[in-house]
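Residue strings, one per chain:
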Amino acid sequence: MRAYLLRRALQAVFVLWAAFTATFAILYMLPSNPVAIMLDAGGEGTQVEPEKVAELTARYGFDKPVWEQYLTRLWAAVRGDFGSSIQTGQPVTGSILDALPETLKLASIGLVLAVVIGASLALVATWTQARWLRQALLALPPLGVSVPTFWVGLVLLQVVSFQWALLPAMGNIGWQTLVLPSLTLAIPTSAVIAQVLAKSLSTTWDQPFVETARAKGTPRLHIHLRDVLRNAAIPTLTLVGITVGNLLAGSVVVETVFSRNGIGRLTQQAVTFQDIPVVQGLVVLSAVIFVVVNLVVDLVYPALDPRISQRTRAAV
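Residues numbered from 1 in each chain as written. Predicted model: local features only at pLDDT ≥ 70, side-chain atom pairs only at ≥ 80, totals over all residues. Heavy atoms only, no water.

Per an unreviewed UniProt entry, the chain carries the name ABC transporter permease and comes from Sanguibacter biliveldensis. Entered under Sequence similarities (unreviewed entry) in the UniProt record, the comment concerning the chain runs "Belongs to the binding-protein-dependent transport system permease family." (UniProt positions renumbered as here; feature names shortened; annotations may be inferred.)

Caption draft 1: Layout of the overall build of the chain. Along the backbone of the chain there are 14 helices and zero strands. Order of helices (α) and strands (β) in the chain, N terminus to C terminus: α-α-α-α-α-α-α-α-α-α-α-α-α-α. Put simply, of all contacts in the chain between residues at least 6 apart along the chain, 74% involve residues at least 24 apart. A total of about 17400 Å² of accessible surface is found on the chain, and carbon and sulfur atoms cover 67% of it. (Helix = DSSP H or I, 4+ residues; strand = E, 2+ residues; numbered from the N terminus. Contact = heavy atoms within 4.5 Å. Areas by Shrake-Rupley, 256 points an atom, 1.4 Å probe, with all protein chains shown as cover.)

Caption draft 2: Broad picture of empty space enclosed by the protein. Evaluation of the coordinates by the stated rule reveals one cavity of 30 Å³ or more. Approximately 30 Å³ is the volume found for the largest cavity. Considering every element that reaches the lining of the largest cavity, the biggest residue donor is helix H13 (residues 276–304), with four residues. In terms of residue class, the lining of the largest cavity is built from six nonpolar, one polar and no charged. (1 Å grid on protein atoms, 1.4 Å probe; cavity = no way out; pocket = protein on both sides within 12 Å on 5 of 7 lines; lining within 4 Å. Points joined across faces, edges and corners; volume = space filled by probe spheres on them. Nonpolar A, V, L, I, M, F, W, Y, C, P; charged D, E, K, R; others polar.)

Caption draft 3: Representation of a nonpolar patch on the surface in the model. A cluster of nonpolar side chains, Phe150, Trp151, Leu154, Val155 and Val253, forms an exposed patch at the surface whose accessible area comes to about 450 Å². Take the nonpolar patch: its biggest share by element is four residues, from helix H8 (residues 149–163). Among the secondary structure elements, phenylalanine 150 is positioned in helix H8. (Patch = residues over 30% accessible without salt bridge, like charges linked within 9 Å, V, L, I, M, F, W, Y side chains within 5 Å. Salt bridge = Lys/Arg side-chain N within 4 Å of Asp/Glu carboxyl O.)

Caption draft 4: Quick look at the packing of aromatic side chains. Within the structure shown, the criterion is met by three aromatic pairs. Measuring from ring centre to ring centre gives 6.1 Å for phenylalanine 20 and tyrosine 70, while their planes differ by 50°; the resulting arrangement is tilted. One end of the pair, phenylalanine 20, is in helix H1 (residues 2–29); the other, tyrosine 70, is in helix H4 (residues 66–78), with 50 residues separating them in the sequence. The burial state of phenylalanine 20 is the same as that of tyrosine 70; both residues are buried. (Phe/Tyr/Trp six-rings, centres within 6.5 Å; stacked < 30°, edge-to-face > 60°. Buried < 20%, exposed > 50% of the residue type's maximum accessible area, 1.4 Å probe, protein only.)

Caption draft 5: The arrangement of the nonpolar core in detail. Ranked by size, the top nonpolar core spans 42 residues in total, and within it Ile96 and Ile263 carry the most contacts. Every element with two or more residues in this core is listed here: H1, H4, helix H5 (92–127), H8, helix H9 (176–204), helix H11 (220–257), helix H12 (263–272) and H13. Residue contributions to this core peak at seven residues, all from H13. If sequence neighbours within four positions are ignored, isoleucine 263 has contacts with Ile96, Ala99, Leu100, Thr103, Glu255, Leu282 and Leu285. If you look at the next biggest cluster of nonpolar residues, it comprises twelve residues, including Leu123, Ala198, Trp205 and Ile223. (Core = buried A, V, L, I, M, F, W, Y, C linked by side-chain atoms within 4.5 Å.)

Caption draft 6: Quick look at the side chain of threonine 103. Within the element layout of this structure, threonine 103 appears in helix H5. A polar atom in the side chain of threonine 103 sits 2.6 Å from the backbone nitrogen of isoleucine 263. When sequence neighbours within four positions are dropped, the list of residues in contact with threonine 103 reads Leu248, Ser251, Glu255, Gly262, Ile263 and Gly264. (Polar contact = N/O pair within 3.5 Å; in protein donor to acceptor, adjacent residues only side chain to side chain.)

Caption draft 7: Quick peek at the pattern of salt bridges. Summed over all chains, the structure comprises four salt bridges. Ionic pairing is found between arginine 226 and aspartate 227, a salt bridge with its closest N-O pair at 3.0 Å. Taken together, the salt bridges that share partners define one network made up of Glu102, Lys105 and Arg260.

Caption draft 8: Fine view of the UniProt feature "transmembrane region" (unreviewed entry) in the chain. Mapped onto the present numbering, the UniProt feature "transmembrane region" (unreviewed entry) falls on residues 12–30, 106–125, 137–166, 178–198, 232–258 and 278–301. End C-alpha to end C-alpha, residues 137–166 measures 28 Å, and it is 80% helix and 0% strand.

Caption draft 9: A look at the environment of threonine 267. Relative to the assigned elements, threonine 267 resides in helix H12. Separated by twelve residues in sequence, threonine 267 and valine 279 place their C-alpha atoms 6.7 Å apart. A polar contact of 2.7 Å, which involves the side chain of threonine 267, links it to the backbone oxygen of isoleucine 263.

Caption draft 10: How the structure looks around the layout of surface pockets. Of the pockets and cavities examined, the largest pocket occupies roughly 340 Å³. For the largest pocket, the lining is made up of 16 residues, of which Ala77, Phe82, Val284, Leu285 and Val288 are closest to its centre. For the lining of the largest pocket, the class distribution of residues is 13 nonpolar, three polar and no charged. For the second largest pocket, the lining is made up of 16 residues, of which Tyr60, Thr72, Arg73, Phe82 and Gly83 are closest to its centre. Counting residues per element, the ones that place at least two in the lining of the second largest pocket are H4 and H13. Element by element, the count of residues in the lining of the second largest pocket is highest for H4, at five residues. When grouped by side-chain class, the residues that make up the lining of the second largest pocket number six nonpolar, six polar and four charged.

Given below as structure tokens:
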């Protein structure tokens, strides 16, 4: 187990390095100048003195060779320092930490709703013996997957906020402002979870141990929730780990649609103004969350299926 954790830690370090390096390469291949974009924030093509541009370029280190900029920023990132925002001048770490709580709150609620909705849909669809109900329920996930996130948000805004006036359309104040954004994130994600879990549940029902449980007279609902669900949950658990990253990516769209302040809005502004330090900090943050969540998922596997723990020890 110790060797397994060490291997996973090395993989995590590689993922973080690759994310930082890829972001650096992509941003520095762009033809525009981030300092010039910052000075012309209004987009009016204002002429700026070359001396001012040169001063700011030197301040942010853009006048140095690319390899030197890369090594300097990489070493600073290892120490948790991503520099200052080109757009605002504020420390990148502080800006991210200020925006992170609202996005984590939104993504967490969205994830819980997605798991509850998706799992409930899959469980009912595979448990019921009414064919029409099963077909109707299993037809919903493909529809949810095909609907764009921004469209879901706009429909909820139009119906719930503007026509029915039940919930606020924008802002960060109060729990009411979280309902529509969370649902917007949860609906497409719950559809994917429902698809994977329903398929896994249907396959597990054909396993020999289910026939054995039936022969013993175990009630169908008990078999479904205890035996079948436990064995069918592993593929879905893997999907949930990947979904966390998708929820963070979806927050960019959702926070823009609902005018919420968070990581999504910060990302949108940083990309628009080519704010290299902020973009790099956000990419590394996303990579850290992805690595941590997937490590937790790997550690939960043996609780669902002890055979995985045995195979891991055998491999080590």
